[in-house]
Amino acid sequence: MTPFTSLTAPVAFLDRANVDTDQIIPKQFLKRVERTGFGEFLFFDWRFNADGTLNVDFELNTPDMAGAGILVAGKNFGSGSSREHAPWALMDYGFRVIIAPSFADIFYNNCFKNGLLPIVLDDPSIELLRSAASGERYVLTVDLQTQSITDGKGIEIAFLVDAFRRHCLLNGLDDIGLTLEHADDISAYESMRPSRMPSLAGQR
Amino acid sequence: MSAKTMFQKIWDAHIVRQDAGQPAILYIDLHLVHEVTSAQAFDGLRLAGRKVRRPELTVATMDHNVPTTDRSLPILDQISKKQMDVLAANCAEFGIELYDLHSKRQGVVHIIGPELGLTQPGMTIVCGDSHTSTHGAFGALAFGIGTSEVEHVLATQCLQQTLPRTMEVRVDGALSPGVTAKDIILGIIGRLGTAGATGYVIEYTGEAIRAMSMEARMTVCNMSIEAGARAGMVAPDDTTFAYLDGKPHAPKGADLEAAMDYWRSLPTDAGAAFDELLTIDASTLAPFVSWGTNPGQVSPITAFVPDPDDEPTESDRASLVRALDYMGLKPGAPLNGLPIERVFIGSCTNGRLEDLRRAARIVDGQKVASTVKAMVVPGSWEVKRLAEQEGLDKTFLAAGFEWREAGCSMCLGMNPDILQPQERCASTSNRNFEGRQGKGGRTHLVSPEMAAAAAIAGHLVDVREWMAKS
């Protein structure tokens, strides 16, 4: 996994609640068998009109949001389907940090597996960022070491993140590798597992 | 020993290792795999030179993007075909049992697990699909995972998990005629909202749940994720044991006795505490229908489209305006009588035999309205076979429905079964997100009875009045 330590990047604001993973990456783009190349389809049905032209009214299509690396979104971001294509698409598009008042469970988990940092901030903090940006190009620094968000102009917001997840993200740890360090424990568990448990052995 | 919830018992029984300050390493008893969320996981194994640790605890099928038309014809969508071919190659390479397009065991992954008897009480079950919560109906801990976790389970047969909180949803009373398990879960999601159970595992309890068949319990557990829950569960009882009896992978003889001892120990102990409690009186529920663009935006069929001006905040008002605009609905319009053009009966929510039976009873001897295109997609090859044995296919075909092959179909429209822009659909599926059933399509989530009645009437109807008439 790509480690995450800190990022200084422009911010995009998507002021919508309950953005589901069907919106983040519509189902017609889930047929790729790679992890890459999903960025061009991010928010596809919102970014593009039915005739394929750019929807200039969509938040992310405004010129000052070009090149954004941080997305500030509404509550319950990433709800719905478990598709990991959602964090893949967000990262491929250029985002490394998503800030929202709350996230859906599976999406939140998927982000950490890919080096995408989801940050939960309360509504007043998000409002503070929004008003500081005041519709202009706005740059933030997100530092996972110090767990802080700063804009270099006086705003400094602390955020919380689970210590173990933070450790894994800072070091880009492969959690399969971590689990396999305990292969003896897995084998011990398996030796106690009742043989009556369902199995596909002998089916092939 | 302190009183435990069923969830806690299953969690504790699957801990391989727990270090302070770290997630638990949980053992996974059954891993279900499908074509859309697995290719990158197998690739990851190959890149790291890893094997599948327990291929015999893994089973794969093709469901999400399979065509539901004649299986003897070639697949026209080459990208879909490639995804299916890649799954077949991966299963062959890693030694995983696969029920492909031509297997009599093929079907929606959450339908075939239970019907094969692979889903049993007290197990941990995962799949790269959020509707894995379906299997919780058996008193299993079952939840959806992302592709990285699919790879993790393939490599280790374990997952790193943080302990969720628990919520009891108690459904007291009895359902009225024409009101179903689907209406209960839509009512619950309407109460909780789409994030109300985020971070929780729900246990559904109460008289109405006890009275339900296994298939109805699966419908309830299936949509737990739509309230944000990690999983939903129902304690196993005689209904569960009767369902499992004789299923291909269910234990037999001495194994069954040992299994029964474990299964009977699973229900939540008297006095065990949940972190949250929600109670619902089933007898007060009407058939529900969704009117918005998420499954929390639901109302009884007797209600009216809500007014954005009644929302408490500007942000909520804007969301509602956006939802109604997408759905093409006017505030204050009655839901009953809303014209529809499409009907979809199927999915992991409502694509089982009982669902098809109940829908068939409504359409028997009737004709689909001339303005409606209606289809039935059985959840599995086996559901289709049993339904045809009872002649349900003839009932649907005579009424003017299409009768298709098994798959996820128009629940998510990854195959050719999609809505056209602005088409309005009464659907027995689980999500009414924008574009879910096709770009610009307008989904109204309902029970199989409500979908069937809407197909005949040409508009949403209160199935209770419909049943009274016929």
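Residues numbered from 1 in each chain as written. Chains lettered and ligands numbered in written order. Predicted model: local features only at pLDDT ≥ 70, side-chain atom pairs only at ≥ 80, totals over all residues. Heavy atoms only, no water.

*Asks:* Looking at this model, I keep getting lost on the overall build of chain B. Mind explaining?
*Replies:* Across its full length, chain B holds 17 helices and 19 strands. A compact globule built from 470 residues would reach a C-alpha radius of gyration of about 23 Å, and chain B, at 22 Å, matches this within 12%. With the C-alpha coordinates aligned to their principal axes, the bounding extent of chain B is approximately 55 × 55 × 50 Å. Looking at chain B residue by residue over its 470 residues, the buried ones come to 66%. Residue pairs at least 24 apart in sequence account for 77% of intrachain contacts in chain B once pairs closer than 6 positions are excluded. Looking at chain B as shown, the accessible area adds up to about 15,500 Å², and 53% of this sits on carbon and sulfur atoms. Charge-centre separation for chain B: the mean point of 44 positive side chains lies 3 Å from the mean point of 57 negative side chains. (Helix = DSSP H or I, 4+ residues; strand = E, 2+ residues; numbered from the N terminus. Rg over C-alpha atoms; globule rule 2.2 N^0.38 Å. Buried < 20%, exposed > 50% of the residue type's maximum accessible area, 1.4 Å probe, protein only. Contact = heavy atoms within 4.5 Å. Areas by Shrake-Rupley, 256 points an atom, 1.4 Å probe, with all protein chains shown as cover. Lys, Arg positive; Asp, Glu negative; His and termini not counted. Charge placed at Lys NZ, Arg CZ, Asp CG, Glu CD.)

*Asks:* Sorry if this is basic, but what is going on with the packing of helix H2 (residues 39–48) of chain B against helix H3 (residues 78–94) of chain B here?
*Replies:* Between two packed helices, what matters for the description is the angle formed by their axes and the separation of those axes. Residue and element names in this part refer to chain B. At their nearest, the axes of H2 and H3 sit 10 Å apart, and the two run at 40° to each other. When the axes of H2 and H3 are compared, the pair comes out oblique. The way H2 lies across H3 gives a crossing that is left-handed. Between H2 and H3, the residues in contact are Ala39, Phe42, Leu45 and Arg46 and Val86, Leu87, Asn90, Glu93 and Phe94, respectively. Taken together, the residues of the contact of H2 with H3 break down into six nonpolar, one polar and two charged. (Axes fitted to C-alpha atoms, helices over the stretch in contact; angles between N-to-C directions. Parallel < 35°, antiparallel > 145°, perpendicular 65-115°, else oblique. Left-handed = near helix turned anticlockwise from the far one by under 90°. Nonpolar A, V, L, I, M, F, W, Y, C, P; charged D, E, K, R; others polar.)

*Asks:* Teacher, can you tell me more about the environment of proline 306 of chain B here?
*Replies:* Within the secondary structure, proline 306 of chain B sits in the loop between strand S14 (298–300) and helix H11 (314–327). Non-local contacts of proline 306 of chain B, meaning those with residues more than four positions away in its chain, are made with Trp291, Leu320, Leu324 and Pro331 of chain B.

*Asks:* Looking at this structure, I do not really get the sheet that holds strand S6 (residues 124–127) of chain B. What am I missing?
*Replies:* One key point about sheets: their strands pair by backbone hydrogen bonds, in either a parallel or an antiparallel sense. Residues and elements named next belong to chain B. Across the sheet, which stays open at both edges, the five strands sit in the order S5-S4-S3-S6-S7 with parallel pairing between neighbours. The open sheet has two free edges, formed respectively by strand S5 (97–99) and strand S7 (141–144), since each of these has just one partner strand. Going across the sheet, the axis of each strand differs from the next one's by a mean of 20°, ignoring polarity. As judged from the three bridges shared by strand S4 (residues 58–61) and S5, these two strands associate in the parallel manner. (Pairing = 2+ DSSP bridges.)

*Asks:* I would appreciate a short explanation of the packing of helix H3 (residues 85–93) of chain A against helix H4 (residues 105–112) of chain A in the present structure.
*Replies:* All names here are of chain A. At a minimum axis separation of 9 Å, H3 and H4 run at an interaxial angle of 50°. Accordingly, the angle class assigned to the pair H3 and H4 is oblique. For the pair H3 and H4, the crossing hand works out as right-handed. Residues Ala86, Pro87 and Leu90 of H3 touch H4, and the partners they reach there are Phe107, Asn110 and Cys111. In terms of residue class, the contact of H3 with H4 is built from five nonpolar, one polar and no charged.

*Asks:* So what exactly am I meant to see when it comes to the confidence of the model for chain B here?
*Replies:* Detail in the predicted coordinates should be disregarded across regions flagged by low pLDDT. Looking at chain B, pLDDT values average 97 and 100% of them are 70 or higher. ipTM for the predicted complex: 0.95, alongside a pTM of 0.97. (pLDDT = per-residue confidence, 0-100.)

*Asks:* What's the story with the side chain of asparagine 415 of chain B in this structure? I'm lost.
*Replies:* Residues and elements named next belong to chain B. For asparagine 415, the location among the structural elements is in the loop between strand S17 (402–403) and strand S18 (424–427). A polar side-chain atom of asparagine 415 sits 2.9 Å from the main-chain carbonyl oxygen of valine 66. Polar side-chain contacts of asparagine 415 include one of 2.9 Å to the backbone nitrogen of aspartate 417. Non-local contacts of asparagine 415, meaning those with residues more than four positions away in its chain, are made with His64, Asn65, Val66, Pro67, Thr68 and Ser409. (Polar contact = N/O pair within 3.5 Å; in protein donor to acceptor, adjacent residues only side chain to side chain.)

*Asks:* When you look at the interface of chain B and chain A in this model, what are you seeing that I'm missing?
*Replies:* The interface of chain B with chain A comprises 86 residues on the first partner and 61 residues on the second. Summed over both sides, the interface between chain B and chain A buries roughly 5,900 Å², with carbon and sulfur atoms accounting for 51% of that surface. Linking chain B with chain A are eleven salt bridges, by the criterion used here. Arginine 436 of chain B is the partner of aspartate 22 of chain A in a salt bridge, and the nearest nitrogen-oxygen pair spans 3.0 Å. In this structure, the connection of chain B to chain A is made through 37 residue pairs in polar contact (both at pLDDT 80 or more). Across the side of chain B that touches chain A, the residue classes break down as 30 nonpolar, 33 polar and 23 charged. (Buried area = accessible area lost by both parts, 1.4 Å probe. Salt bridge = Lys/Arg side-chain N within 4 Å of Asp/Glu carboxyl O.)

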